[in-house]
Amino acid sequence: MLITMALIPPLMKSAARLRFIDVPDARKVHLGNIPRVGGIAMVAGAVLPIVMWLMPQQQVIGFLLGMAVIVAFGIWDDRSDLDYRLKFLGQTVAVLIAMFYGGVLIESIPLVSDAGRLPSYLSYPLTFLFLLGITNAVNLSDGLDGLAGGTVILSIGTIALLGYTAGNVVVVVIAVAMIGSILGFLRFNTHP
C-alpha cells in the first residue's frame, strides 16, 4: 500500500510528459484530463512484496509473467487506445502463461463434480474462459471511481481467507500484496 501511495504523486506529475493522460470525449464522464498512472504504481506495489516474501516457484513466476503481459498491453493501451482485438490477444497470452507455465487450472468444482477431478477436456477450457471472463469483468466495471478496486478487494479478500484456511501461504501473500496495492490506489481514485 505504501509503495503504491508513494509512487502515484510523482507519476501523476509526469503523466502528461509520458503521454499517460485520459482526455475527455463523448463516452467519458470526466470533464478534465485524468492521469493514467495508477496501474503502474499498483503493479510496483504488488510485485515488490511478492518478490520479497515468496521463493521463486514456477506458479509465482507464471503469475508474474502473466501480470507482465497484462501490464505491457495496459501501458500500450493507455498510450494509444488499442483495438479490442489486440487487448484480447494480450489477455489471452497472459491467461495461457498462467495456465501452462504457472499451472493454474480448475481441477474440480465443489458441490457440482461428484467424481472429484474434472477431465482435462473440461478443465482447460473452463479455466481459460474463467480467467478471461474475470479479467474482462473487472475491466468493464472500471467506469466509476473506486468500483473496480473495491470489487476486486472484496474478491481477493475472500481468496486470501480461503488460502489461509487451506494453509496456502503463496495465495495469501499474493492476495494481501494485491489488496495493499489497490488500497494505496483507492486513496487517489475518489470523486472528483
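Here the structure is shown first, and the text comes after it.
Computed from a predicted model, the values in this text were never measured in an experiment. (Residues numbered from 1 in each chain as written. Predicted model: local features only at pLDDT ≥ 70, side-chain atom pairs only at ≥ 80, totals over all residues. Heavy atoms only, no water.)

Visitor: Before we move on, could you go through the overall build of the protein and cite the residues and values that matter?
Guide: Helix and strand counts for the protein stand at seven helices and two strands. For a compact globule of 192 residues, the expected C-alpha radius of gyration is about 16 Å, and the protein comes in at 18 Å, within 12% of that figure. In terms of overall dimensions, the protein has a C-alpha envelope of 55 × 35 × 25 Å along the principal axes. Burial status across the protein gives 31% buried among its 192 residues. Taking all contacts inside the protein whose residues are at least 6 apart in sequence as the whole, residues at least 24 apart take part in 59%. Split by element, the accessible area of the protein, about 12200 Å² in all, is 69% carbon and sulfur. (Helix = DSSP H or I, 4+ residues; strand = E, 2+ residues; numbered from the N terminus. Rg over C-alpha atoms; globule rule 2.2 N^0.38 Å. Buried < 20%, exposed > 50% of the residue type's maximum accessible area, 1.4 Å probe, protein only. Contact = heavy atoms within 4.5 Å. Areas by Shrake-Rupley, 256 points an atom, 1.4 Å probe, with all protein chains shown as cover.)

Visitor: Report on the nonpolar core, specifying residues and quantitative values.
Guide: Counting 15 residues, the largest nonpolar core has Val 37, Ile 153, Ile 156, Ile 182 and Leu 186 as its most contacted members. For this core, the elements supplying multiple residues, two or more each, are helix H1 (2-18), helix H6 (147-166) and helix H7 (169-186). The dominant element in this core, judged by the number of residues it contributes, is H7, at five residues. Setting aside residues up to four positions removed in sequence, Ile 182 forms contacts with Met 42, Gly 149, Val 152, Ile 153 and Ile 156. If you look at the next biggest cluster of nonpolar residues, it comprises seven residues, including Ile 50, Val 60, Ile 174 and Ala 177. (Core = buried A, V, L, I, M, F, W, Y, C linked by side-chain atoms within 4.5 Å.)

Visitor: Requested: an account of the environment of Leu 82, with residues and values cited.
Guide: Mapped onto the secondary structure, Leu 82 falls in the loop between helix H3 (58-80) and helix H4 (84-100). Spatially, the C-alpha atoms of Leu 82 and Val 71 are 13 Å apart, while their sequence positions differ by eleven residues. In this structure, Leu 82 is in contact with Phe 73, Trp 76, Asp 77 and Lys 87, ignoring residues within four places of it in sequence.

Visitor: Explain the pattern of salt bridges residue by residue, including any values.
Guide: As enumerated under the stated definition, the model contains three salt bridges in all. The partner of Arg 85 in a salt bridge is Asp 83, with the nearest N and O atoms 2.7 Å apart. Arg 117 serves as the salt-bridge partner of Glu 107, at 3.4 Å between the closest nitrogen and oxygen. Pair noted here: Glu 107 is in the loop between H4 and helix H5 (120-140) and Arg 117 is in the loop between H4 and H5, with a separation of ten residues, a long-range link. By relative accessible area, Glu 107 is classed as partly exposed at 37%. (Salt bridge = Lys/Arg side-chain N within 4 Å of Asp/Glu carboxyl O.)

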